[in-house]
Amino acid sequence: MANVAVDEDQQWLLNCLSATLDSNQEVRSFAEASLNQASLQPGFGRGLSKVAANRDVPFGLRQLAALLLKQFIKKHWQEGDESFQHPAVSSDEKAVIRGLLLSTLGDPNRKLCTAISMAIASIAVYDWPESWPDLLPFLLKLIGDQSDMNGVHGALRCLALLSGDLDDTMIPTLVPVLFPCLYTIVSSSQTYSKYLRTKALSIVYACTSMLGAMSGVYQAETSALVEPLRKPWLDQFSFILEQPVQPEDPNDWSIRMEVLKCLNQFVQNFPSFTETEFMVIVGALWQTFVSSLRVYTQSAIEGTEDPYEGSYDSDGAEKSLDSFVIQLFEFLLTIVGSTKLVKVVANNIADLVYYTIAFLQVTEQQVHTWSIDANQFVADEDDVTYSCRVSGALLLEEVATCCGREGIDAIINAARKRFSESQQEKASGSVVWWRKREATLFALASLSEQLLEAGVCSFHDNFQLSVVSGLTKVSLGNLLEQMITEDMGIGVHEYPFLYARMFISVAKFSSVISCGILEHFLHAAIKTIGMGVPPAVKVGACRAISQLLPEANKSVIQPQMMGLLSSLTDLLHQASDETLHLVLETLQAAITAGHELSTSAEPIISPIILNMWALNVSDPFISLDAIEVLEAIKNAPGCIRPLTSRILPYLGPVLNKPQQQPDGLVAGSLDLITMLLKNAPTDVVKAAYDVCFDAVIRIVLQSDDHSEMQNATECLASFVSGGRQELLAWGSDSGFTMGSLLDAASRLLDPDLESSGSLFVGSYILQLILHLPSQMGQHIRDLIIALVRRLQSASIAGLKSSLLLIFARLIHMSAPNVEQFINLLITIPSEGYQNAFVYVMSEWTKQQGEIQGAYQIKVTTSAFALLLSTRHPELSNINVQGHLIKSMAGITTRSKAKSAPDQWTIVPLPAKMH
């Protein structure tokens, strides 16, 4: 829509929009306030639509108008909607806005088209199809007009957005009409660009995803819709995939990516998808797989960087080679995981594994990134980031899991073949020979669990199983030893990532590698920690030390332990983020292994770790790691008392003046005290009591910080379990100490307290009952009343479970007089129920499935048995929630759930408990 006349109101709106982009803050604020005021006047939405449609207006203002229009629609279009604000748009103005937006879909600027499409999609949520029946016919006509490619793009973009909001009532009528139009675009490669064909495929994917979601309920209906369409689409997918992958052509990668996503939906969601149908695309898929490795090798592995990494098209879709390869692996993983389709590729499993290992090679970009950022290397090693290496390793795991003996053999043989190739490359003087070696070790290490358990799923005869597993381990061990011993003498500075991978692999496969080689690598790792080597090598050394030290010969490693502890302590000062976590983990393993030697190291290490804990107390991961290191020191012979005398003087002032501390320090200090109290001798518990017991009580009674309250609750539970009856004698007045404990319980059981603050009250009450039974027995009725009220107001399942566990323990403790306990509950009122027993049993039977932990489940179920054994008459008078009644078919949308909530059967309590 061009050459629209600009009237006075339009000019004012244009001036306001321009002013919102002004560099002066006051001008911007005044303009924004003016627009906000204008949005409450009739015609504002129409005005924005006209600006967005006017090609004579600068692009920036048109796009801004379209974005503001989308916000305006959400606020003022539909009365009754959650985000609605008065006034509502009139019917006449709605019609004008809809017409202007549709007329703008053919705009040549793709970013503007996306903004317009988003506005249309916002309206469609409310109006389509009932109040906007001509929307779909208009879009179908637009995508069929080969003379207007801008219009085709606009319509496709709009349909792509609409397809994300389709439900099970729209899809059956839309697919038969829409898919033929989309097929025409996808199959007409001479007429439509790859970009437009990709957009058409993204709509196919969105619709088939919804059909897949529907297939669970409407299997026959969805199959009837999909089966007639599948054959032509599979032929078209095959045509796209059979062409070799093109280098430096992101549109080529994008269209293949959409094809793979569609195929994934067909395979995962439609059981009628047969091996015969799959055969149509197998050859083409293999061509894409093999040719993509060539492109990936040239662009990513050997190239300095993927020039398209992190790039997106005008619609926000990613265009990188990496994302395409990851999608390829995802589809291959789906095939291998399908018991039906894996048979089709069974003869090619060896080649699949062989090529996959090549995809796992370190790229030039990774070499550059990891060389300057050890934290990123650790993050990538821990699969924190998704990449070709991670997705390729997942595919190999699926092969090992689903293909049994053949899959394991294929992996070992492919590894041996790639190792041989790296030997040849090394002999010929190649500077990148190490990449295949490192990728092979990475692949094997990623599959360590499956490879070490090889043969378990393939044979039923135990003797044959053990023989085959043994042969696999011998073969694997020989291959690994050959690979790592050959590279023992390589330069650590020239090949840091291979060296790091060797350390990690030795640790993963320690059970199949000879003791001599393990000792050599453990000594090398300990030595490496103190050397000036690349960070990645130290990362590998830390991994090896953490896993090898616990099983190492203590007499052999003891002479090196003090040097290792010193080197790791020095390394702490150089580490940060991910590497700090790794170094702390390694230090914990070293302290545990050093045992007696740790006593002499404690005065050196403890102050450093305490300082590190204090500096990182707001980081839950690092602070927890630091506490675990301190716990390892505490557990070493002769260390707990000097460590206690070091910790308490620091924590006492923190806990006594909690309001004056930085965020996280009080909660962290409580964690530290709790660690110190765990399994501590009585004199250590007494020392902690003298310094901070009263302060912990005050925090429970006065704090509004939920993390402080939770940690203080756990700390009090540790005081009670550690001090027991003696705890009451430590204070000047035993009655005062018991009163303090009860006051804390009272606040934590306050029904008006938010559930998060009470989260750990269950474990605290249990410790009181177990270790101070005579004192708690005097308050049992008041305790039960408080428990029932807290249970009724609890909004967190974990809190409910912990409170119910207390009732279970009380039932056990009341045996053999369980009937008296039931009678006590019957005498206690409960709001909305006949009595507390009826309420507790009603809630308990609902929550039993949520209770976690073998011990907790055993306690609660055996408590049920004790209740039933009483044959108390009240049991048969109680009815509780039974099973869910299937009340509706189809996909449960928010509106359906609101209009027809879940319904349950009602059954007698004894029947439910059985």
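As named in an unreviewed UniProt entry, the protein chain is Importin-9 isoform X6, taken from Durio zibethinus. Check the Sequence similarities (unreviewed entry) section of the UniProt entry for the protein chain; it says "Belongs to the importin beta family."

Peer 1: Can you help me understand the nonpolar core in this one?
Peer 2: General note: in soluble globular proteins, nonpolar side chains tend to be found buried as a group. In terms of nonpolar packing, the biggest core is built from 306 residues, with Leu741, Tyr764 and Trp844 touching the most fellow members. Looking at which domains feed residues into this core, each of domain 1 (7-133) and domain 2 (796-886 + 893-913) gives three or more. Apart from the residues lying within four places of it in its own chain, the contact partners of Tyr764 are Thr713, Leu716, Ala717, Val720, Leu741, Ala744, Ala745 and Leu748.

Peer 1: Help me out: how do you make sense of the packing of aromatic side chains in this one?
Peer 2: Note on aromatic pairs: each is described by the distance of the centres and the angle between the planes. Using the criterion set out here, one finds 27 aromatic pairs in the structure. Aromatic side chains Trp286 and Phe289 sit 5.4 Å apart centroid to centroid with 50° between the ring planes, which places their arrangement in the tilted category. With a gap of three residues between them, Trp286 and Phe289 both fall in helix H13 (residues 275-301), about one helical turn apart. A relative accessible area of 26% places Trp286 in the partly exposed class. Classification of Phe289 by relative accessible area gives buried; the value is 0%. Taken together, a centroid distance of 5.5 Å and an interplanar angle of 90° make the contact between Phe693 and Phe719 edge-to-face. Of this pair, Phe693 sits in helix H32 (residues 682-702) while Phe719 sits in helix H33 (residues 706-730), and the two are 26 residues apart along the sequence. Taken together, the ring pairs in this structure connect Trp286, Phe289, Tyr296, Phe329, Tyr354, Tyr355 and Phe359 into an aromatic cluster. Cation over ring: Arg389 sits above Phe442, and NZ or CZ is 4.0 Å from the ring centre. The cationic tip of Lys426 hangs over the ring face of Trp433; the distance from NZ or CZ to the ring centre is 4.6 Å.

Peer 1: Just to check I follow, could you spell out the packing of H33 against helix H34 (residues 734-748) for this structure?
Peer 2: Helix packing geometry: the angle between the two helix axes and the distance between the axes. The N-to-C vectors of H33 and H34 enclose an angle of 150°; their axes lie 12 Å apart at closest approach. In terms of axis orientation, H33 runs roughly antiparallel to H34. The hand of the H33/H34 crossing is left-handed. For the pair H33 and H34, contact is made by Met709, Thr713, Leu716, Val720, Leu727 and Leu728 and by Ser734, Thr737, Met738, Leu741, Ala744, Arg747 and Leu748, respectively. A breakdown of the residues in the contact of H33 with H34 according to their chemical character gives nine nonpolar, three polar and one charged.

Peer 1: What's the story with the pattern of salt bridges in this structure? I'm lost.
Peer 2: Between side chains of opposite charge, a pair can form as their charged atoms come close. Here the structure, examined in full by the defined rule, presents 27 salt bridges. Here Asp409 and Arg405 are joined by a salt bridge, their closest N and O atoms 3.5 Å apart. Placement of both Asp409 and Arg405 in helix H19 (residues 404-427) is noted, with a separation of four residues, approximately one turn of the helix. Residue Asp409 is classed as partly exposed on the basis of its relative accessible area, which comes to 34%. One salt-bridge network, held together by shared partners, links Lys194, Asp249, Asp252 and Arg256.

Peer 1: Just checking my understanding: could you explain helix H12 (residues 250-269) for this structure?
Peer 2: With 20 residues, H12 should reach 28 Å at 1.5 Å per residue; the first-to-last C-alpha distance of 29 Å fits that figure. Across the 20 residues of H12, 18 count as buried, placing the element largely inside the fold.

Peer 1: What is the right way to look at the environment of Ile785 in this model?
Peer 2: Topologically, Ile785 is positioned in helix H37 (residues 780-793). Ile785 sits in the partly exposed class, given a relative accessible area of 22%. When the C-alpha positions of Ile785 and Met149 are compared, they lie 73 Å apart, and in sequence the two are 636 residues distant.

The rules we used
- Residues numbered from 1 in each chain as written.
- Predicted model: local features only at pLDDT ≥ 70, side-chain atom pairs only at ≥ 80, totals over all residues.
- Heavy atoms only, no water.
- UniProt positions renumbered as here; feature names shortened; annotations may be inferred.
- Core = buried A, V, L, I, M, F, W, Y, C linked by side-chain atoms within 4.5 Å.
- Buried < 20%, exposed > 50% of the residue type's maximum accessible area, 1.4 Å probe, protein only.
- Domains from an automatic or database assignment.
- Contact = heavy atoms within 4.5 Å.
- Phe/Tyr/Trp six-rings, centres within 6.5 Å; stacked < 30°, edge-to-face > 60°.
- Helix = DSSP H or I, 4+ residues; strand = E, 2+ residues; numbered from the N terminus.
- Lys NZ or Arg CZ within 6 Å of the ring centre and 35° of its normal.
- Axes fitted to C-alpha atoms, helices over the stretch in contact; angles between N-to-C directions.
- Parallel < 35°, antiparallel > 145°, perpendicular 65-115°, else oblique.
- Left-handed = near helix turned anticlockwise from the far one by under 90°.
- Nonpolar A, V, L, I, M, F, W, Y, C, P; charged D, E, K, R; others polar.
- Salt bridge = Lys/Arg side-chain N within 4 Å of Asp/Glu carboxyl O.
- Expected span 1.5 Å × (residues − 1).

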